[in-house]
Amino acid sequence: MRPQIETYPTREAMAAEVAGLLARRLRSLIDTQGYARIALAGGSTPAQMLTLLGQKQLDWRAVTVTLTDERWVAPTDTRSNQRMLGETLLASGANPNVIPLYADAPNPETGLADVIDGLAPILPLDIAVLGMGADMHTASLFPGAEELAAALAHDAPPAVALRPSGDLEPRITLTASTLNAAERHLYIAGLEKKEALDRALDLDDRMQAPVLAILDGATVHHAG
Ligand code: 6PG
């Protein structure tokens, strides 16, 4: 099933509209089930939207936030997604329960069990907000990674350690099965990302275009 694609005139408009949409969804979940669990994308694109989301009035104590993936760097490192979350959503006043995808271990392989222990009580997720790279990765499900097939498998664990090719940091990523249990929103900006999405939809090969593994029934939000 192809995703629904929402296009916005500017990145500012997309940030404002998606922040409002997510706030409404979180309030609705809290009203109906007493809590809400959301995984948020790392990277740079969602920063403005997360800052606006953090300003929304809702019962943040009933919300649990985690990340879709994490670079295996200290939470103080400028490359840390956890740090980015602190500088955006949390800096705006939101005080949710935060479940990090980082543990005090030398590498993601040895830290994975602790990360999964932290995730277990908050699964299944209600909402996942994901980014995408121009190489058609999402979360840290990178094409060419030797751990990718395991991360896309139906019986995958909640998260895996994954080493992207090239000079990117080792990662922890939520797996496709964990992400697909949630209402998914792909949040992308720029022509390069839209062309990559179109390429992925034409390719129909999840190993070359891992973003396809989370697009069925998802909503894509794109601004130029
Ligand atoms: C990460 C992300 C990743 C990100 C894309 C897009 O840790 O890098 O979670 O999936 O969403 O790489 O990143 P930008 O928004 O910075 O282009």
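Residues numbered from 1 in each chain as written. Predicted model: local features only at pLDDT ≥ 70, side-chain atom pairs only at ≥ 80, totals over all residues. Heavy atoms only, no water.

Trainee: Describe the pattern of salt bridges, with residues and values.
Mentor: Per the counting criterion, the structure on display carries nine salt bridges. In this structure, D59 and R61 form a salt bridge, with 3.1 Å as the shortest nitrogen-oxygen distance. Judged by relative accessible area, D59 falls into the partly exposed class, the value being 32%. Since its relative accessible area comes to 68%, R61 is described here as exposed. (Salt bridge = Lys/Arg side-chain N within 4 Å of Asp/Glu carboxyl O. Buried < 20%, exposed > 50% of the residue type's maximum accessible area, 1.4 Å probe, protein only.)

Trainee: Could you give me a rundown of the sheet that holds strand β8 (residues 171-174), with the residues and numbers involved?
Mentor: Reading across from one edge, β4-β8-β7 is the order of the three strands in this open sheet, with antiparallel pairing throughout. Edge positions in the open sheet fall to β4 (69-71) and β7 (159-162), since each of these has one partner strand only. Adjacent strand axes in the sheet meet at a mean angle of 20° when their direction is disregarded. Across the face of the sheet, helix α4 (residues 108-119) comes into contact with β7 and β8 while running at roughly 160° to β7. (Pairing = 2+ DSSP bridges. Helix = DSSP H or I, 4+ residues; strand = E, 2+ residues; numbered from the N terminus. Axes fitted to C-alpha atoms, helices over the stretch in contact; angles between N-to-C directions. Contact = heavy atoms within 4.5 Å.)

Trainee: How would you sum up the nonpolar core? Please name residues and give values.
Mentor: Of all hydrophobic cores here, the largest spans 77 residues; its most connected members are M49, L186 and L215. With nine residues, the top contributor of residues to this core is helix α1 (residues 11-33). Beyond its immediate chain neighbours, meaning those up to four positions away, L186 contacts L130, G131, M132, T138, L197, V211, I214, L215, T219, V220 and H221. (Core = buried A, V, L, I, M, F, W, Y, C linked by side-chain atoms within 4.5 Å.)

Trainee: Report on the side chain of T175, specifying residues and quantitative values.
Mentor: Topologically, T175 is positioned in the loop between β8 and α6 (176-180). Sequence-distant contacts of T175, defined by excluding residues within four places in its chain, comprise A151, A156, P157, P158, A159 and V160.

Trainee: Can you break down the site of the ligand residue by residue, with the values?
Mentor: Close contacts around the ligand come from 14 residues, with S44, T45, D69, R71 and A139 the closest. Side-chain polar atom of D69 to an oxygen atom of the ligand: 2.5 Å apart, as the coordinates give it. A distance of 2.9 Å is found between an oxygen atom of the ligand and a side-chain nitrogen or oxygen belonging to N81. For the ligand, the protein covers 86% of the area, taking 410 Å² as the surface of the free molecule. (Near = heavy atom within 4 Å. Polar contact = N/O pair within 3.5 Å; in protein donor to acceptor, adjacent residues only side chain to side chain. Areas by Shrake-Rupley, 256 points an atom, 1.4 Å probe, with all protein chains shown as cover.)

Trainee: So what about the packing of aromatic side chains? Which residues, and what values?
Mentor: Counted by the stated rule, this structure contains one aromatic pair. Consider the rings of W72 and Y102, whose centres lie 4.6 Å apart with planes at 45°: the pair is tilted. Placement of W72 in the loop between β4 and α3 (81-87) and of Y102 in the loop between β5 (97-99) and α4 is noted, with a sequence separation of 30 residues between them. (Phe/Tyr/Trp six-rings, centres within 6.5 Å; stacked < 30°, edge-to-face > 60°.)

Trainee: I'd love a proper account of the side chain of T219, names of residues and values included.
Mentor: Residue position: T219 is located in strand β10 (residues 219-223). For T219, the contacting residues outside a window of four places in its chain are Q4, E6, R184, H185 and L186.

Trainee: Now, about the environment of D117: what can you tell me, with residues and values included?
Mentor: Turning to its location among the elements, D117 is positioned in helix α4. Note: C-alpha distance between D117 and D31 (86 residues apart in sequence) is 27 Å.

Trainee: Run through the pairing of strand β2 (residues 36-40), naming residues and quoting values.
Mentor: Here β2 lies mainly inside the structure; five of its five residues are buried. In β2, alternate side chains face the same way, and those of A36, I38 and L40 on one face and R37 and A39 on the other are all buried. The sheet contact formed by β2 and strand β3 (residues 63-67) spans five bridges and is parallel. Across the sheet, residue R37 finds its bridge partner in β3, namely T64. Tracing the backbone out of β2, into helix α2 (residues 47-54) and back to the parallel element β3 gives a crossover that is right-handed. As judged from the two bridges shared by β2 and strand β6 (residues 127-130), these two strands associate in the parallel manner. In the strand pairing of β6, I38 is matched with I127. (Right-handed = clockwise from strand over helix to strand, strands pointing away.)

Trainee: Go over the sheet that holds β10 with me, naming the residues and quoting the values.
Mentor: In any sheet, the strands associate via hydrogen bonds between backbone groups, in a parallel or an antiparallel arrangement. Judged by pairing direction, the sheet is parallel, and its seven strands sit side by side in the order β1-β10-β9-β6-β2-β3-β5 without closing on themselves. Looking at strand neighbours, the two that pair on one side only are β1 (4-8) and β5, the edges of this open sheet. For this sheet, the mean angle separating the axes of adjacent strands, direction not counted, is 20°. Two elements, β3 and β5, share three bridges in a ladder whose sense is parallel. In the strand pairing of β5, V65 is matched with V98. Docked against the sheet, helix α7 (residues 191-203) engages β1, β9 (183-189) and β10, running at close to 130° with respect to β9.

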